[in-house]
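Examination of the molecular architecture
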Amino acid sequence: MAKSKFEYVRNFETDDTCLRNCYIVVRLDGRNFHKFAEQHNFTKPNDNRALGLMTRSACSVMEELEDIIIAYGQSDEFSFVFKRTSNWFKRRASKFMTHVASQFSSSYVFYWKEFFGEQPLLYPPGFDGRVVLYPSNRNLRDYLSWRQADCHINNLYNTVFWTLVQRGGLTPAQAQERLKGTFAADKNEILFSEFDINYNNESLLHRKGTALIWEKQDETVTKRMKLPNEEEKDVQVTRSRKKVQAYHCDIIGDQFWEEHPDILEDDN
Ligand code: DGT
Ligand code: MG
Ligand code: MG
Ligand code: MG
Ligand code: MG
């Protein structure tokens, strides 16, 4: 094909190929969700409709895009981990980031009503994205541990804060003052001794966030079959299908990884 004299502009594109052998992580975060949550009457500290919609959108990303082995989400963020051998879009960072962000954002709007019902979506939400590469299984696990530790720290704080406000009758400013300089043990103690709440019995979804992985599931369907020289008949056919499965459990310790040895590829 003849080239136009404009073709040279292509050379202005920069190379953003992700280093080989590394896990490619795309993390999305809701843009200005402090305001978005207020405007859409999210319950405090956790809104299960909002968390459900985030997870539904993340499932769509896993199902529609290639090579995602695990995703982890909490609050208004979700991280997607692509397998280290992925060669999707020749490992171009911008393709990964933009496909994840746009698939997630359109799903968030598309599935809004399924979760929020009569609560209208007042304006189009947006999500920022970034790409980070992790060269070893240890680094990748530490990344996911970092996000889950963040979930724990924020959720413990928010749980005590809103309990002090909603049940303790403190103003937000007073609750903030009360919690200044407190450690995790102090927060647990406030919940337990003043409100009879054992933090460890609070919902796992809120304390641990959501990990999405692929799992094989047997699916049995009835098929009408016609064999040569035989009558047509119904036959049960079982096949194994990969499905996205959600977990709300600890992913910092070894147990989760030992129970799901297929998620990570060997380091060497
Ligand atoms: P950004 O990310 O810099 O554009 O700004 P934000 O406002 O999104 O800040 P970020 O991402 O650090 O914090 C997430 C905000 O979203 C935080 O203000 C609380 C809000 N949020 C997330 N999930 C829930 C929820 O389930 N309930 C309520 N009430 N708020 C939530
Ligand atoms: Mg932020
Ligand atoms: Mg945000
Ligand atoms: Mg956030
Ligand atoms: Mg195109």
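Residues numbered from 1 in each chain as written. Chains lettered and ligands numbered in written order. Predicted model: local features only at pLDDT ≥ 70, side-chain atom pairs only at ≥ 80, totals over all residues.

- Under an unreviewed UniProt entry, the name given to the protein chain is tRNA(His) guanylyltransferase, and the source organism is Sphaeramia orbicularis.
- Recorded under Subunit (unreviewed entry), the UniProt text for the protein chain is reproduced unchanged: "Homotetramer. Interacts with MFN1 and MFN2; functions as a guanyl-nucleotide exchange factor/GEF for MFN2 and also probably MFN1."
- UniProt, in the comment section headed Sequence similarities (unreviewed entry), describes the protein chain in these words: "Belongs to the tRNA(His) guanylyltransferase family." (UniProt positions renumbered as here; feature names shortened; annotations may be inferred.)

1. Side note on the overall build of the protein chain
- A count of helices and strands for the protein chain gives nine helices and six strands.
- What you see for the protein chain is a C-alpha radius of gyration of 23 Å, clearly larger than the 18 Å of a compact globule of 268 residues, by over 25%.
- Along the longest, intermediate and shortest principal axes, the C-alpha atoms of the protein chain span 75 × 65 × 45 Å.
- Out of the 268 residues in the protein chain, the part that is buried amounts to 22%.
- In the protein chain, the share of contacts with a sequence separation of at least 24, taken over all contacts with a separation of at least 6, comes to 71%. (Helix = DSSP H or I, 4+ residues; strand = E, 2+ residues; numbered from the N terminus. Rg over C-alpha atoms; globule rule 2.2 N^0.38 Å. Buried ≥ 20, exposed ≤ 12 C-beta atoms within 10 Å, placed from the backbone. Contact = placed C-beta atoms within 7 Å.)

2. Quick word on the UniProt feature "domain: tRNAHis guanylyltransferase catalytic" (unreviewed entry) in the protein chain
- When the UniProt feature table is mapped onto this chain, "domain: tRNAHis guanylyltransferase catalytic" (unreviewed entry) is found at residues 6-135.
- With 36% helix and 22% strand, residues 6-135 has its two end C-alpha atoms placed 39 Å apart.

3. Some words on the UniProt feature "binding site: Mg(2+) 2" (unreviewed entry) in the protein chain
- Using the residue numbers shown here, the UniProt feature "binding site: Mg(2+) 2" (unreviewed entry) corresponds to Asp29 and Asp76. Separation in sequence by 48 residues is not matched in space for these annotated residues, since their most distant C-alpha atoms are only 5.6 Å apart.
- Note on placement: Asp29 falls in strand E1 (residues 23-30).
- For Asp29, the contacting residues outside a window of four places in its chain are Asp76, Glu77, Phe127 and Asp128.
- Secondary-structure assignment places Asp76 in the loop between strand E2 (68-74) and strand E3 (77-82).
- Take Asp76: there are 20 C-beta atoms within 10 Å of it, and that puts it in the buried class.

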